[in-house]
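Chains, contacts and geometry: an overview
Each chain, written out:
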Amino acid sequence: MDDPANLSTAVLAKQIIEDDAGAFAVLMKRYHAFVYGICFAILKHRQDAEDATQETFSRVLRYLDRWDPRRPFEPWLATVAGNRSRSHLAKRRMHSPLTESAEPQSSAMTQSLAASAFEEEIRLAMQGLTDRQRTAFELFHQSELSYEEISKRMDCPIGTVKTLVHRARKGMIESLREREVLQNQGTNPKRRRAS
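Residues numbered from 1 in each chain as written. Predicted model: local features only at pLDDT ≥ 70, side-chain atom pairs only at ≥ 80, totals over all residues. Heavy atoms only, no water.

1. Side note on the nonpolar core
Let me state the cut-off plainly: Each nonpolar core is a collection of buried residues, namely Ala, Val, Leu, Ile, Met, Phe, Trp, Tyr and Cys, held together in the definition by side-chain atoms within 4.5 Å. Each residue's exposure class comes from its accessible area (1.4 Å probe, protein chains only) as a fraction of the maximum for that residue type: buried when under 20%, exposed when over 50%, partly exposed otherwise. Strands are runs of DSSP state E lasting at least 2 residues, helices are runs of H or I lasting at least 4, and numbering of each runs from the N terminus.
Leu27, Phe34, Val60 and Phe73 are the most contacted members of the largest nonpolar core, which totals 30 residues. Among the elements of the structure, α1 (9–17), α2 (21–43), α3 (46–63) and α4 (73–94) are those that each provide at least two residues to this core. With 13 residues, the top contributor of residues to this core is α2. In terms of nonpolar packing, the next biggest core, distinct from the first, is built from ten residues, Leu139, Phe140, Val161 and Leu164 among them.

Written out as structure tokens, the structure is:
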């Protein structure tokens, strides 16, 4: 039997939908750093990023059957992670902000360093985007504006904003793969194209 770690994401997804807990563990291990990096880049807080990461994978488990395996997995996953992080930001506004001394200092120093390194990789990946893609991405993920609000601010149609955000995510993923921050798992050159 094939080693689950070597299976494509599409095959893992099929197994997960069929209630294979082992396949889900492999998927989480494969994409944990990717999801945590997105959450940390948006939330700038280790514990919140960890919580959002867990929520992201809970959502993935619940809604994986909605992902089209003919399309790349990472943009869909990035959207889920971004949405979970934005929900955390909204919740954070309802509570008084943590002071710096309230941030746990003792645990996971290496994880904190890894998160900082990943955040830097995301910043570098964003530098490779066009100005309009970067602006749309930042307004959507960091400023938490809706597509409609971004379209007004950028003076372009909502469809253009959606395309810019999508291309920004895709471009960042490609950049992170080129620099081997992300694995090229599950890329199959013979993958069927959507007709």
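2. Description of unusual backbone geometry
Residues other than glycine predominantly adopt negative phi, and peptide bonds predominantly adopt the trans conformation. Even without being glycine, Lys44 reaches a positive phi, approximately 60°. Among the secondary structure elements, Lys44 is positioned in the loop between α2 and α3.

3. A short note on the confidence of the model for the protein
The predicted coordinates of low-pLDDT regions are not to be read in fine detail. Condition: Known as pLDDT, the predictor's confidence for each residue is given on a scale from 0 to 100. Whether two residues touch is decided by their heavy atoms; if any such pair falls within 4.5 Å, the residues are in contact.
Residue-level pLDDT values for the protein average 78, and 75% of them are 70 or greater. For the stretch residues 99–110, pLDDT sits under 50, and the model shows six contacts to residues farther than four places along the chain or on other chains. Counted against residues more than four places away or in other chains, residues 185–195, with its pLDDT under 50, gives 14 contacts.

4. A short note on α1
Stated precisely, the cut-off is as follows: Working note: the arc is built from the helix axis to C-beta atom directions.
Along α1, the residues that are buried comprise Thr9, Leu12, Ala13 and Ile16. Down the axis of α1, the smallest arc covering the buried residues is 100°, so these residues share one side. Note on α1: the residue one or two positions beyond its end, Asp19, has a positive phi of about 70°.

5. Regarding the packing of α2 against α3
Stated precisely, the cut-off is as follows: For helices, the axis comes from a line fit to the C-alpha atoms of the stretch in contact; other axes are also lines fit to C-alpha atoms, and the angle between any two N-to-C directions lies between 0 and 180 degrees. Each angle gets one of four labels, with under 35 degrees taken as roughly parallel, over 145 as roughly antiparallel, 65 to 115 as roughly perpendicular, and the rest as oblique. By convention the crossing between two helices is left-handed if the near helix lies anticlockwise of the far one by an angle smaller than a right angle, and right-handed if it lies clockwise. Asp, Glu, Lys and Arg are counted as charged, while Ala, Val, Leu, Ile, Met, Phe, Trp, Tyr, Cys and Pro are counted as nonpolar; the rest, among them Gly, fall into the polar class.
In contact at an axis separation of 8 Å, α2 and α3 are set at 135° when each is read in the N-to-C sense. As far as their axial angle goes, α3 and α2 are oblique. For the pair α2 and α3, the crossing hand works out as right-handed. Of the residues in α3, those in contact with Phe24, Leu27, Met28, Tyr31, His32, Val35, Tyr36, Cys39, Phe40 and Leu43 of α2 are Arg46, Asp48, Ala49, Glu50, Ala52, Thr53, Gln54, Thr56, Phe57, Val60 and Leu61. Counted by class, the contact of α2 with α3 contains 14 nonpolar, four polar and three charged residues.

6. Quick look at the pattern of salt bridges
As a working rule, side chains carrying opposite charge can pair if their charged atoms are close by. Note the following rule: For salt bridges, the criterion is a side-chain nitrogen of Lys or Arg within 4 Å of an Asp or Glu carboxyl oxygen.
In this structure the tally under the stated criterion is seven salt bridges. Between Arg70 and Asp68 there is a salt bridge, with the nearest N and O atoms lying 3.1 Å from each other. The shortest N-O distance in the salt bridge between Arg134 and Asp131 comes to 2.7 Å. With Arg134 and Asp131 both in helix α6 (residues 131–141), this residue pair falls three residues apart, about one helical turn. Put simply, Asp68, Arg70 and Arg71 are held in one network by salt bridges that share partners.

7. Quick look at the environment of Asn83
Examined against the element boundaries, Asn83 turns out to sit in helix α4. Assessed through its relative accessible area of 32%, Asn83 is described here as partly exposed.

8. Quick notes on the packing of helix α7 (residues 147–154) against helix α8 (residues 158–178)
The description of two packed helices rests on the angle between their axes and on the distance between the axes. Their axes nearest at 8 Å, the elements α7 and α8 cross at an angle of 100°. The orientation of α7 relative to α8 falls into the category roughly perpendicular. Two secondary-structure elements touch here, α7 through Tyr147, Glu148, Ile150, Ser151 and Met154 and α8 through Ile158, Val161, Lys162, Leu164, Val165 and Arg169. Looking at the contact of α7 with α8 residue by residue, the classes come out as seven nonpolar, one polar and three charged.

9. A look at the packing of aromatic side chains
The test is simple: Any two of the Phe, Tyr and Trp rings considered here, Trp counted by its six-membered ring, make a pair once their centres fall within 6.5 Å; the pair's planes then place it as stacked at under 30 degrees, edge-to-face at over 60, or tilted in between.
Summed over all chains, the structure comprises seven aromatic pairs. For the pair Phe24 and Phe57, a centre-to-centre distance of 6.5 Å together with 80° between the ring planes defines the contact as edge-to-face. Highlighted residues: Phe24 in helix α2 and Phe57 in helix α3, separated in sequence by 33 residues. Judged by its relative accessible area of 13%, Phe24 is buried. Phe57 gets classed as buried once you look at its relative accessible area, which sits at 2%. Arranged with centres 5.0 Å apart and planes meeting at 55°, the rings of Tyr31 and Phe73 form a pair that is tilted. With Tyr31 in helix α2 and Phe73 in helix α4, this residue pair connects regions lying 42 residues apart in the sequence. Phe73 carries the same exposure label as Tyr31, and that label is buried. Here the aromatic residues Tyr31, Phe34, Trp67, Phe73 and Trp76 are joined through ring pairs into a cluster of three or more.

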